[in-house]
Amino acid sequence: MEKQEILAKCNEMSKNTLMETLNIEFIDIGDDFVMAKMPVTSKVHQPDGVLHGGASVALAESVGSVASHIFMDAEDFYIRGIEISANHIKSISKGDVYAKATFIHKGRTTQLWNIRITDVEDNLISLVKLTTIALPKKK
């Protein structure tokens, strides 16, 4: 499948989900990464007007889970996040943030992802580690 087809499929899967609510868009994929962007608007702010850490974590889990879905055999497995930790480094109040998920470990059952959330100038906003699990589908 071509890169643009995969991205279109990922964005289609987002319809009627939290990802659509947060306006998360999958924008790039490579041999070992998936990238998405999310606009920083009042919709994802905490009360003092900066990006809410929970929105950052939702972005990170979305991009990491989709990456597992793409790089594992999604026909045979359900992908679920089982642990996530985030360090929020810098605040941002407007613009877009970009989340890039890359493998730390690609196991048959568990996968460990490093997810960097950056702004348009590549400043680190949050650093997230996500563990996903591939659960066999019953046939």
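Quick notes on the rules
- Residues numbered from 1 in each chain as written.
- Predicted model: local features only at pLDDT ≥ 70, side-chain atom pairs only at ≥ 80, totals over all residues.
- Heavy atoms only, no water.
- Helix = DSSP H or I, 4+ residues; strand = E, 2+ residues; numbered from the N terminus.
- Contact = heavy atoms within 4.5 Å.
- Pairing = 2+ DSSP bridges.
- Axes fitted to C-alpha atoms, helices over the stretch in contact; angles between N-to-C directions.
- Buried < 20%, exposed > 50% of the residue type's maximum accessible area, 1.4 Å probe, protein only.

## A look at the environment of Val50
Next up, step 1: Tracing the sequence through the fold places Val50 in the loop between strand S2 (33-40) and helix H3 (53-71).
Next up, step 2: Between the C-alpha atom of Val50 and that of Ala67, which follows or precedes it by 17 residues, the distance is 27 Å.
Next up, step 3: Ignoring any residue separated from it by four or fewer positions in sequence, one finds Val50 in contact with Val44, His45, Ser91, Ile92 and Ser93.

## Considerations on the pairing of strand S6 (residues 124-136)
Next up, step 1: Here strand S3 (residues 77-88) pairs with S6 via 11 bridges, running antiparallel. Bridge assignment links Ala86 to a residue of S6, and that residue is Val128.
Next up, step 2: Taking the residues between adjacent antiparallel strands as the criterion, strand S5 (residues 110-118) and S6 are bridged by five residues, where Asp122 takes a positive phi near 65 degrees.

## Some details on the sheet that holds S2
Next up, step 1: Ordered in space as S1-S2-S4-S5-S6-S3, the six strands form an open sheet in which the pairing is antiparallel. In this open sheet, the two edge strands, each paired with only one partner strand, are strand S1 (25-29) and S3. Sheet twist, expressed as the average angle between the axes of neighbouring strands with direction ignored, equals 25 degrees.
Next up, step 2: Where H3 meets the sheet, its contacts fall on S1, S2, S3, strand S4 (95-106), S5 and S6, and the angle it forms with S3 comes to roughly 145 degrees.

## Notes on unusual backbone geometry
Next up, step 1: Look at Asn16: it is not a glycine, yet its phi comes out positive at around 60 degrees.
Next up, step 2: If you trace the backbone, Asn16 turns up in the loop between helix H1 (3-13) and helix H2 (18-21).
Next up, step 3: The class for Asn16 is exposed, based on a relative accessible area of 74%.
Next up, step 4: Its identity is not glycine, yet Asp122 carries a phi of approximately 65 degrees, on the positive side.
Next up, step 5: With respect to the secondary-structure elements, Asp122 resides in the loop between S5 and S6.

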